[in-house]
Amino acid sequence: MSESKQKGKSTVPSGDDNKVRAVDPAPTDAEPRATSDKPSEDMTKKTIQGKNATEGPSDGKPSVAKMTMKEAKALLEMNPALKSEMAGLDGDKAVEAMQKMSIADLLTGLSASGKNQKDMASYKFWQTQPVTRFDEQSQVAEDGPIKIIDPTKVSKEPDALLDGFEWTTLDLTDEKELRELWDLLTYHYVEDDDAMFRFRYSESFLHWALMSPGWQKQWHVGVRASKSRKLVASITGVPTELNVRGQQLKVIEINFLCIHKKLRSKRLTPVLIKEITRRCYLSGIYQAIYTAGIVLPTPVSSCRFYHRPLDWLKLYEVGFSPLPHGSTKARQITKNRLPSSTSTPGLRPMEVKDVDAVHNLLKRYLERFNLNQAFTRDEVEHWLVHKDQPGSEQVVWSYVVEDAETHKITDFFSFYNLESTVIQHPKYDAIRAAYLYYYATETAFAEKEKGLKERLLMLMNDALILAKLANFDVFNALTLLDNPLFLEQLKFGAGDGQLHYYLFNYRTSPIAGGVNEKNLPDEKKRGGVGMVML
Ligand SMILES: CC(C)(COP(=O)(O)OP(=O)(O)OC[C@H]1O[C@@H](n2cnc3c(N)ncnc32)[C@H](O)[C@@H]1OP(=O)(O)O)[C@@H](O)C(=O)NCCC(=O)NCCS
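Procedures and definitions
- Residues numbered from 1 in each chain as written.
- Predicted model: local features only at pLDDT ≥ 70, side-chain atom pairs only at ≥ 80, totals over all residues.
- Heavy atoms only, no water.
- UniProt positions renumbered as here; feature names shortened; annotations may be inferred.
- Helix = DSSP H or I, 4+ residues; strand = E, 2+ residues; numbered from the N terminus.
- Buried < 20%, exposed > 50% of the residue type's maximum accessible area, 1.4 Å probe, protein only.
- Areas by Shrake-Rupley, 256 points an atom, 1.4 Å probe, with all protein chains shown as cover.
- Core = buried A, V, L, I, M, F, W, Y, C linked by side-chain atoms within 4.5 Å.
- Domains from an automatic or database assignment.
- Contact = heavy atoms within 4.5 Å.
- Pairing = 2+ DSSP bridges.
- Expected span 1.5 Å × (residues − 1).
- Salt bridge = Lys/Arg side-chain N within 4 Å of Asp/Glu carboxyl O.
- pLDDT = per-residue confidence, 0-100.
- Phe/Tyr/Trp six-rings, centres within 6.5 Å; stacked < 30°, edge-to-face > 60°.
- Lys NZ or Arg CZ within 6 Å of the ring centre and 35° of its normal.

In the nomenclature of an unreviewed UniProt entry, the protein chain corresponds to Glycylpeptide N-tetradecanoyltransferase from the organism Monascus purpureus. In UniProt, the protein chain has this text filed under Subcellular location (unreviewed entry): "Cytoplasm".

Trainee: With reference to specific residues and values, describe the overall build of the protein chain.
Mentor: In terms of regular secondary structure, the protein chain is built from twelve helices and 15 strands. Across the 534 residues of the protein chain, 58% fall into the buried class. Of the roughly 22200 Å² that the protein chain leaves accessible, carbon and sulfur atoms contribute 51%.

Trainee: Tell me what's going on with the nonpolar core, and back it up with residues and numbers.
Mentor: Counting 110 residues, the largest nonpolar core has Phe205, Phe413, Phe415, Tyr437, Phe475, Phe486 and Tyr501 as the members making the most contacts within it. Per-domain counts for this core show at least three residues from each of domain 2 (121–292) and domain 3 (301–499 + 510–530). Residues within four places of Phe205 in sequence aside, it is in contact with Phe256, Val395, Tyr416, Asn417, Leu418 and Leu534. Membership of the second largest hydrophobic core comes to 37 residues, among which are Ile259, Val271, Leu272 and Ala288.

Trainee: For the pairing of strand 14 (residues 493–504), give the residues involved together with the corresponding values.
Mentor: In the case of a regular strand, side chains alternate between the two sheet surfaces. Burial analysis of strand 14 places eleven of its twelve residues in the buried class, which makes it a mostly covered element. As judged from the five bridges shared by strand 6 (residues 287–292) and strand 14, these two strands associate in the antiparallel manner. Each residue of the ladder has a partner; that of Tyr290, found in strand 14, is Tyr502. Here strand 7 (residues 301–309) runs beside strand 14; their pairing, made up of six bridges, is antiparallel. Looking at strand 14, one finds that Ser302 is bridged to His500.

Trainee: How would you summarise helix 12 (residues 452–469) if you had to cite specific residues and measurements?
Mentor: Between its first and last C-alpha, helix 12 extends 25 Å over 18 residues, near the 26 Å set by a 1.5 Å rise per residue. Taken residue by residue, helix 12 has Leu452, Arg455, Leu456, Leu457, Leu459, Met460, Asp462, Ala463, Leu464, Ile465, Leu466 and Ala467 as its buried positions. In this structure, the buried side of helix 12 is in contact with strand 7, strand 8 (347–349), strand 10 (396–402), strand 11 (409–422), strand 12 (430–441) and strand 13 (474–478). Looking one or two residues beyond helix 12, the residue adopting positive phi is Asn471, at roughly 70°.

Trainee: An account of the pairing of strand 6 is requested, with residue identities and associated values reported.
Mentor: The buried fraction of strand 6 amounts to six of the six residues, a majority that puts the element mostly inside the structure. Residues Gln287, Ile289 and Thr291 of strand 6 are buried on one face, and the alternating residues Ala288, Tyr290 and Ala292, pointing to the opposite face, are buried as well. Judged from the three bridges that link them, strand 5 (residues 247–259) and strand 6 form a sheet pairing that is parallel. Counterpart to Glu253 in the pairing with strand 6 is Ile289.

Trainee: With reference to specific residues and values, describe helix 7 (residues 268–282).
Mentor: Taking 1.5 Å as the rise per residue, helix 7 with 15 residues should run 21 Å; its terminal C-alpha atoms sit 21 Å apart, in good agreement. Among all positions of helix 7, only Leu268, Pro270, Val271, Leu272, Ile273, Glu275, Ile276, Thr277, Arg278, Arg279, Cys280 and Tyr281 are buried. Residues of helix 7 that are buried in the fold lie against strand 1 (165–169), strand 3 (220–225), strand 4 (231–244), strand 5 and strand 14. Phi turns positive one or two residues past the end of helix 7, at Gly284, with a value near 80°.

Trainee: Provide a residue-level description of unusual backbone geometry, including the pertinent values.
Mentor: Of the consecutive residues Pro297 and Thr298, the connecting peptide bond is found in the cis state with omega at -20°. Looking at the element boundaries, Thr298 is found in the loop between strand 6 and strand 7. Located in the positive-phi region is His407, a residue other than glycine, with phi close to 60°. Its place among the elements puts His407 in the loop between strand 10 and strand 11. Since its relative accessible area comes to 52%, His407 is described here as exposed.

Trainee: Tell me what's going on with the pattern of salt bridges, and back it up with residues and numbers.
Mentor: Where charged atoms from two side chains of opposite charge approach closely, those side chains can pair. Under the counting rule described, the total for this entry stands at 32 salt bridges. Here Glu275 and Arg278 are joined by a salt bridge, their closest N and O atoms 2.9 Å apart. Within this pair, Glu275 and its partner Arg278 are both found in helix 7, separated by three residues, close to a single helical turn. Judged by relative accessible area, which is 12%, Arg278 ranks as buried. If you follow the salt bridges from partner to partner, you end up with Lys5, Asp192, Asp194 and Asp496 in one network.

Trainee: Mind laying out the confidence of the model for the protein chain, listing which residues take part and the relevant values?
Mentor: When pLDDT is averaged across the protein chain, the result is 85; 79% of the residues are at 70 or more. Below a pLDDT of 50 lies the segment residues 9–67, which in the model reaches 180 contacts outside its immediate sequence neighbourhood of four places, other chains included. When the criterion is pLDDT under 50, residues 106–115 qualifies, and its contacts beyond four places in sequence or with other chains add up to 47 contacts.

Trainee: How would you sum up the environment of Lys274? Please name residues and give values.
Mentor: Checked against the element boundaries, Lys274 lands in helix 7. Under the relative-accessibility criterion, Lys274 is labelled partly exposed at 37%. Residues Lys274 and Asp159, 115 residues apart in the sequence, show an inter-C-alpha distance of 8.2 Å. Once residues lying within four places of it in the same chain are set aside, the contact partners of Lys274 are Phe125 and Asp159.

Trainee: Just give me the short version of the packing of aromatic side chains, but keep the residues and values in it.
Mentor: Overall, the coordinates contain 33 aromatic pairs when judged by the stated rule. Chaining the aromatic ring pairs together yields one cluster made of Tyr189, Phe199, Tyr201, Phe205, Trp208, Phe256, Phe375, Trp383, Tyr416, Tyr435, Tyr437 and Tyr438. Sitting above the plane of the Phe472 ring, Arg432 keeps its charged end 4.3 Å from the centroid.

Trainee: How would you summarise the environment of Tyr437 if you had to cite specific residues and measurements?
Mentor: Structurally, Tyr437 is set in strand 12. Ignoring sequence-local partners within four residues, the contact set of Tyr437 consists of Trp208, Trp383, Leu384, Val396, Ser414, Phe415, Tyr416, Leu481, Val532 and Leu534.

Printed below as a string of structure tokens:
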């Protein structure tokens, strides 16, 4: 996951030494402070990295060895994260460091030092795992598993944890345990680089995200402090099927990797990852998909976050959206104003009766992408249809377009609600963000995609209007699916976050993430990612 905000301020990447450190007094008995709002070194998530923002590897790179000081400065202007890292170096040293990088890396925000510069050997854990290495990524001869797993050789027991901690399997049907996970995530999950915002998934969201068709309790893994019973870490998975370049794979979708702030940098992450891997192997699932804002070996694709302000003034006041140079608040408010009603004829909320039609349309639509989720009918119902339940908040909003004459469903779109806590703000405590989820349209199948762009502009503008009416402050989208066709025209602004997609124990060559060498949405870079992860 990656918390991103509109670009405008430079972000300050931190170092991450990943050394094994002695175990500090951890939050065993003492109730850990709910929130330490101070940006911790480990907590600071680097955002703009994008090693693979373009189709094709960045190794075997176009050379920048002859770059002049002037060119180097121009490149730095396009890469605020790198610029702030270079700030401590004198001019010659900075140019020298940059000459060692590829143009793609410079443009897409790979930074010069710290985590991003690590080579394979410094990923002490990841180099032992069945994942594509950085240096082999350009030479994938054949798609397939990296390692064949013999389930009889998989340990029946989990690895030992640090003294004072023990494994737990969360029972999320128990409201108390769901609340414990919510609590851990609400105070310790993903923040942006400047520790201004932190994801705040609602309990209804966790229920929806973690109990999809085929879910099993054993994939909701936690760690507790033995004495206090406090939940201090989590890693979860839900099963699904993927299509990767025509191959159907049973995978686990990994999410909600989280470690209490007081337990960071103690190499607990590898233990959590190994434990969920062991549990998956034992039940015959040998591949996984996951996303992260940081670069690990090796992204199969990298998308960029875009943000469309719905309540620009609030976003400005909380520090999410910048006031562009030369503009005024009034102008920004006017620029982002939306009509009060939608314009697509036949648009209405999706109901259970639409599931078959949407399933059929979505399946055909997603097959246009190299990496896509192979939805079952039950999954479509689970992920897309909102069912009012007392005491639970709405998580997903889905709309269909029904043709007035044929009653055929010709289009649909959806978005979900994911709030972020605004850390230490006198006026606001949360931002309500709508995230663009799945959509599909029959116009995608017209010859040469005739009419697709215009149709999406209309549908997505309606999505913005409906999100505004549902009181969202911002509408977020990545550069996946056909999004490059409308993001800029609909006034989405570039975010400072990149989302990297990873496959575990599966090798395939890089997949387009909808952005070009300048890390900007590019219609020609579509056709890659057809999977939206929460
Ligand atoms: C991400 C988080 C669990 C990492 O914990 P940590 O205490 O910093 O790291 P640990 O000492 O436990 O482990 C370090 C190892 O985990 C890897 N790692 C760190 N973040 C990772 C991630 N998001 N996904 C996979 N591996 C990750 C590191 O690369 C390192 O392995 P390496 O030696 O091969 O490079 C923790 O910072 C956290 O809870 N952050 C907030 C929530 C979050 O960002 N979750 C991830 C969402 S993608």
